[in-house]
Amino acid sequence: MSFTPLRVRSHGSLLHGTASPAQLVTRALELGYDALALTDRDNLCLGVPFQLGARADGLKPLPGAEVTRGDGAAGGEALLLALDRRGWTSLCAVLTARHLESSFDLVRALGEHWS
């Protein structure tokens, strides 16, 4: 199938998702998908279990995150996918800054960690 869901949240997105990564993988396979993204909100907590489970079941995993601005303003989020190790490293850097910097600027962080 040529369609790949890119904005998918698990129970790792508190109050935004309910399914486990394993449930998402199972459902994606039932629907005939070749790949599936897991883009929990502001974290990668379930990224590794998702990748391992998806690969074991023959589904191409696309780990990522929906990164929000951090100031509570509406809009201003970015959907980021880590397509390789360098992308994973960059995504981790953006999420770390998002959680630790009180003056987090999403646009600046994306400019600094664009890979």
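This text goes with the structure placed above it.
Reading the values: the criteria
Residues numbered from 1 in each chain as written. Predicted model: local features only at pLDDT ≥ 70, side-chain atom pairs only at ≥ 80, totals over all residues. Heavy atoms only, no water. 1 Å grid on protein atoms, 1.4 Å probe; cavity = no way out; pocket = protein on both sides within 12 Å on 5 of 7 lines; lining within 4 Å. Points joined across faces, edges and corners; volume = space filled by probe spheres on them. Helix = DSSP H or I, 4+ residues; strand = E, 2+ residues; numbered from the N terminus. Nonpolar A, V, L, I, M, F, W, Y, C, P; charged D, E, K, R; others polar. Buried < 20%, exposed > 50% of the residue type's maximum accessible area, 1.4 Å probe, protein only. Arc of directions from axis to C-beta. Contact = heavy atoms within 4.5 Å.

**Student:** So what exactly am I meant to see when it comes to the layout of surface pockets here?
**Tutor:** Empty space among the atoms becomes visible once a probe the size of a water molecule is rolled across them. For the largest pocket, the calculated volume is near 250 Å³. Lining of the largest pocket is provided by Val48, Gln51, Arg55, Lys60, Pro61, Leu62, Pro63, Ala82, Leu83, Asp84, Arg85 and Trp88. Of all the elements in the fold, those that place two or more residues in the lining of the largest pocket are helix 2 (47-56), strand 2 (60-67) and helix 3 (85-100). Among the elements that line the lining of the largest pocket, the one with the most residues is strand 2, at 4 residues. A class-by-class count of the residues in the lining of the largest pocket yields 7 nonpolar, 1 polar and 4 charged. In this structure, the second largest pocket occupies an estimated 170 Å³ of space. Leu81, Gly87, His113, Trp114 and Ser115 are the residues nearest the centre of the second largest pocket, which is lined by 14 residues in total. Element by element, the count of residues in the lining of the second largest pocket is highest for helix 3, at 5 residues. Classifying every residue of the lining of the second largest pocket gives 8 nonpolar, 4 polar and 2 charged.

**Student:** For this particular structure, what's the right way to read helix 2?
**Tutor:** Note on helix geometry: an α-helix contains 3.6 residues per turn, so any two residues three or four positions apart are oriented the same way. Those residues of helix 2 lying buried are Gly47, Phe50, Gln51 and Ala54. All buried residues of helix 2 lie within an arc of 95° about the axis, which places them on one face of the element. Exposed positions of helix 2 whose direction lies more than 90 degrees from the buried face are Leu52 and Ala56. On its buried face, helix 2 sits against helix 1 (21-30), strand 1 (35-41), strand 2 and helix 3.

By themselves, these are just geometric observations and shouldn't be taken as functional.
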